[in-house]
Amino acid sequence: DAGVIQSPRHEVTEMGQEVTLRCKPISGHNSLFWYRQTMMRGLELLIYFNNNVPIDDSGMPEDRFSAKMPNASFSTLKIQPSEPRDSAVYFCASSSPTGLAGDGVSHEQYFGPGTRLTVT
Amino acid sequence: GQNIDQPTEMTATEGAIVQINCTYQTSGFNGLFWYQQHAGEAPTFLSYNVLDGLEEKGRFSSFLSRSKGYSYLLLKELQMKDSASYLCAGEAGGSYIPTFGRGTSLIVHP
């Protein structure tokens, strides 16, 4: 398997522009996560999908951020309009939880290589 | 909610043993993950603990005490390539969503 695929790997844009980040999870995984990582705040969960349905989007900073998962093999994270404070590395991760949460079965997340976003 | 606390940085010598601690406070708790992240790369899974005790996996071991809200990652026979950030992540009750700590940057020197 190719693992989680993200594109682009690097994005440099000007403030006010729209940015779209893309993710292809591992085939067969039914959970998908979008994270943002900065030196100041560490790794923050933005949104979590299960079976293509957004389950928890409490981490999405504000209305400028939106995420979609139209099918099991593709997700996008969009920022419109972008601001300099959005500069960070954005990771997508997928997992395949089986059984019940807390049943002792590990359901580790597999992370993509990340997209390094710079907004000037 | 959850609160994960771990040291910011540690240094150790090649060949030595190092223990990275993590404490967590959570309203419910399933289990605890450790991930390794090299500079400029994505986090990769190391371990998952649900039950109290030590689980060994090669040079790496992970310990959990549920009653104390405490975990540690033990790295033996340190190698230069072990220089990385180590992320502790707690999983809340009834959820598959982990909350990550800020990570501990481990520097291994000759």
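Scope of this entry: the structure provided in the associated data block. (Residues numbered from 1 in each chain as written. Chains lettered and ligands numbered in written order. Predicted model: local features only at pLDDT ≥ 70, side-chain atom pairs only at ≥ 80, totals over all residues. Heavy atoms only, no water.)

1. Regarding the overall build of chain A
For step 1, the next point in the chain: When its secondary structure is counted, chain A shows 0 helices and 11 strands.
For step 2, the next point in the chain: In terms of C-alpha radius of gyration, chain A reaches 14 Å, essentially the compact-globule figure of 14 Å for 120 residues.
For step 3, the next point in the chain: Along the first, second and third principal axes, the C-alpha atoms of chain A reach 45 × 25 × 25 Å.
For step 4, the next point in the chain: Sequence separation of 24 or more characterises 57% of the internal contacts of chain A that already satisfy a separation of 6 or more. (Helix = DSSP H or I, 4+ residues; strand = E, 2+ residues; numbered from the N terminus. Rg over C-alpha atoms; globule rule 2.2 N^0.38 Å. Contact = heavy atoms within 4.5 Å.)

2. Section: the sheet that holds strand S1 (residues 5-7) of chain A
Residues and elements named next belong to chain A.
For step 1, the next point in the chain: Strand order in the open sheet made by the 4 strands is S1-S3-S8-S7, with antiparallel pairing throughout. Looking at strand neighbours, the two that pair on one side only are S1 and strand S7 (65-71), the edges of this open sheet. Adjacent strand axes in the sheet meet at a mean angle of 15°, parallel and antiparallel pairs treated alike.
For step 2, the next point in the chain: Across 5 bridges, the pairing between S7 and strand S8 (residues 74-79) is antiparallel. Paired with lysine 68 across the strands is threonine 76, a residue of S8. (Pairing = 2+ DSSP bridges. Axes fitted to C-alpha atoms, helices over the stretch in contact; angles between N-to-C directions.)

3. Considering the state of the cysteines
For step 1, the next point in the chain: One pass over the structure, following the stated rule, counts 2 disulfides over all chains.
For step 2, the next point in the chain: One disulfide in the model links cysteine 23 of chain A with cysteine 92 of chain A; its S-S distance is 1.9 Å. Of note, the bridge from cysteine 23 of chain A to cysteine 92 of chain A carries an S-S torsion of about -65° and is left-handed in sense. Of the two residues, cysteine 23 of chain A is situated in strand S3 (residues 19-24) and cysteine 92 of chain A in strand S9 (residues 88-95); the sequence distance between them amounts to 69 residues. Cysteine 92 of chain A matches cysteine 23 of chain A in its accessibility class, with the two residues each being buried.
For step 3, the next point in the chain: For cysteine 22 of chain B, the disulfide goes to cysteine 88 of chain B, at an S-S distance of 1.9 Å. Its torsion about the S-S bond being -65°, the disulfide of cysteine 22 of chain B and cysteine 88 of chain B is classed as left-handed. Residue cysteine 22 of chain B is located in strand S3 (residues 18-26), and its partner cysteine 88 of chain B is located in strand S9 (residues 84-91); the two are separated by 66 residues in the primary sequence. Across the pair, exposure class does not vary: cysteine 22 of chain B and cysteine 88 of chain B are buried alike. (Disulfide = S-S within 2.5 Å. Buried < 20%, exposed > 50% of the residue type's maximum accessible area, 1.4 Å probe, protein only.)

4. Regarding the pattern of salt bridges
For step 1, the next point in the chain: Following the criterion strictly, the structure yields 10 salt bridges over all chains and no others.
For step 2, the next point in the chain: Where glutamate 44 of chain A meets arginine 36 of chain A, a salt bridge forms, and the shortest distance between an N and an O atom there is 3.4 Å.
For step 3, the next point in the chain: The partner of arginine 59 of chain B in a salt bridge is aspartate 82 of chain B, and the shortest N-O contact between them spans 2.8 Å. Note that arginine 59 of chain B is positioned in the loop between strand S6 (53-57) and strand S7 (60-65) and aspartate 82 of chain B in the loop between strand S8 (70-75) and S9, a separation of 23 residues in sequence. Considered together, arginine 59 of chain B and aspartate 82 of chain B belong to a single accessibility category, that of buried residues.
For step 4, the next point in the chain: Because the salt bridges share partners, they merge into one network encompassing Glu62, Arg64, Glu83, Arg85 and Asp86 of chain A. (Salt bridge = Lys/Arg side-chain N within 4 Å of Asp/Glu carboxyl O.)

5. Some points on the pairing of strand S4 (residues 31-38) of chain A
All names here are of chain A.
For step 1, the next point in the chain: Among the 8 residues that make up S4, 7 are buried, leaving the element largely enclosed by the rest of the structure.
For step 2, the next point in the chain: Here S4 folds back onto strand S5 (residues 42-50) in antiparallel fashion, the turn holding 3 residues.
For step 3, the next point in the chain: The sheet contact formed by S4 and S9 spans 7 bridges and is antiparallel. Its bridge partner being in S9, arginine 36 is matched across the sheet by tyrosine 90.

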